[in-house]
Amino acid sequence: MVNILFCGNSGVFDGILTSSLSILKRTNSTEPFAFYIFTMDVSRIRPDYVPVSDQQIAFFRNVIQDYNPDNCVKKIDVTKLYGEEFGSCPNEDAYCSPYTLIRLLADRIDGIPDKILYLDADVMFNRDIHLLYDVDVEEVEYAAARDHYGKYLISPNYVNAGVLLFNMKRMRQTKILTKARSLLREKKLVFADQSALIRSTTCKKMLPQKFNDQKFLHKSTVVRHFSKRLFWLPYPHTDNIKQWHVSRVHKIFGYYQFDDVLYEYVYLKEKYKREVADHA
């Protein structure tokens with residue numbers, strides 16, 4: 001079983017769906033996938049901070065089981081747990097959203113397997129997931145690739161937390177996530193969860209950039225991370241183009257390698273809209 005963890009609200013469903021489709025389409029294996037989705041209701045902060053819905057989960061389950069009937073998804077509502085650990089903490093207005101914090105609750109949730117791959121919802125697999133998932137993390141807490149900008153601006157081994165291969169057994173032993181949560185409760189950190197995780201790390205494995213490529217797409221790229229990036233033309237600016245912005249992926253990046261995934265996503269999104277309308 002390949003174990004995948006996503007975190008987010010109902011608004012990241014497009015990301016979870018496209019990312020998962022890329023995994024299923026690029027992986028040559030009969031081994032089933034288990035998708036864990038941490039979600040929560042923090043609409044007290046923003047009206048759209050609501051959980052991934054049961055209807056979204058049911059639709060997602062049907063999609064992944066079309067590829068393999070043994071694939072499964074488990075929605076885990078961490079609203080109460082989030083309130084205990086992070087409610088009103090200095091990092092609740094994190095640089096992205098409070099949903100970036102909830103991956104750090106993994107050790108407090110029963111049934112999380114010893115090896116699990118955490119993914120931001122804005123990643124796409126360009127090659128077989130086993131190139132990443134089969135990396136040996138037995139002697140470390142996690143494996144991660146360098147942050148494209150952080151490796152120049154902060155530290156040569158500063159990692160990006162958008163792709164993390166967790167060894168939960170080791171992490172429970174070292175209490176890395178307990179330490180990270182404590183840091184987040186104590187003071188404001190520039191990159192919130194990412195900063196807390198890095199500061200609490202005892203031992204990690206550095207992965208080649210191809211496992212979390214945040215700027216380019218090469219033939220060797222395994223994971224393309226559609227994070228916010230800097231563009232120099234026509235003037236220096238940042239933009240946050242996600243993989244589900246299909247026309248912009250074509251126009252700005254010139255990527256057509258994911259079209260088989262994105263065209264299926266477009267079809268499935270329309271199908272989901274019809275189902276929602278039928279149940280309204």
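Residues numbered from 1 in each chain as written. Predicted model: local features only at pLDDT ≥ 70, side-chain atom pairs only at ≥ 80, totals over all residues. Heavy atoms only, no water.

1. Quick look at unusual backbone geometry
Here is step 1: In this structure, Lys-175 takes a positive phi of about 60° despite not being glycine.
Here is step 2: Along the chain, Lys-175 falls in the loop between helix H6 (168-174) and helix H7 (176-186). (Helix = DSSP H or I, 4+ residues; strand = E, 2+ residues; numbered from the N terminus.)

2. Quick word on the packing of helix H1 (residues 13-26) against helix H10 (residues 259-279)
A pair of packed helices can be characterised by two numbers: the angle between their axes and the separation between those axes.
Here is step 1: At their nearest, the axes of H1 and H10 sit 9 Å apart, and the two run at 135° to each other. Between H1 and H10, the crossing angle belongs to the class labelled oblique. Remark: the crossing between H1 and H10 carries right-handed chirality. Facing H1, whose interface residues are Asp-14, Leu-17, Thr-18, Leu-21, Ser-22, Lys-25 and Arg-26, H10 presents Asp-260, Val-261, Leu-262, Glu-264, Tyr-265, Leu-268 and Lys-269.
Here is step 2: In terms of residue class, the contact of H1 with H10 is made up of six nonpolar, two polar and six charged. (Axes fitted to C-alpha atoms, helices over the stretch in contact; angles between N-to-C directions. Parallel < 35°, antiparallel > 145°, perpendicular 65-115°, else oblique. Left-handed = near helix turned anticlockwise from the far one by under 90°. Contact = heavy atoms within 4.5 Å. Nonpolar A, V, L, I, M, F, W, Y, C, P; charged D, E, K, R; others polar.)

3. Side note on the packing of aromatic side chains
Here is step 1: Summed over the entire model, instances satisfying the criterion amount to 12 aromatic pairs.
Here is step 2: When the centroid spacing of 5.6 Å and the interplanar angle of 45° are considered together, the rings of Phe-13 and Tyr-272 count as tilted. Note that Phe-13 is positioned in helix H1 and Tyr-272 in helix H10, a separation of 259 residues in sequence. Across the pair, exposure class does not vary: Phe-13 and Tyr-272 are buried alike.
Here is step 3: Between the aromatic rings of Phe-33 and Phe-35, the centroid separation amounts to 5.9 Å while the plane-to-plane angle is 25°, which identifies the pairing as stacked. For the residue pair Phe-33 and Phe-35, the accessibility class agrees, reading buried in each case.
Here is step 4: Taken together, the aromatic side chains of Phe-6, Phe-33, Phe-35 and Phe-60 make up a single cluster linked through ring pairs.
Here is step 5: Above the ring of Tyr-133, the side-chain terminus of Lys-115 is found at 5.1 Å from the ring centroid.
Here is step 6: Over the ring of Phe-226 we find Arg-224, and its NZ or CZ is 4.8 Å from the ring centre. (Phe/Tyr/Trp six-rings, centres within 6.5 Å; stacked < 30°, edge-to-face > 60°. Buried < 20%, exposed > 50% of the residue type's maximum accessible area, 1.4 Å probe, protein only. Lys NZ or Arg CZ within 6 Å of the ring centre and 35° of its normal.)

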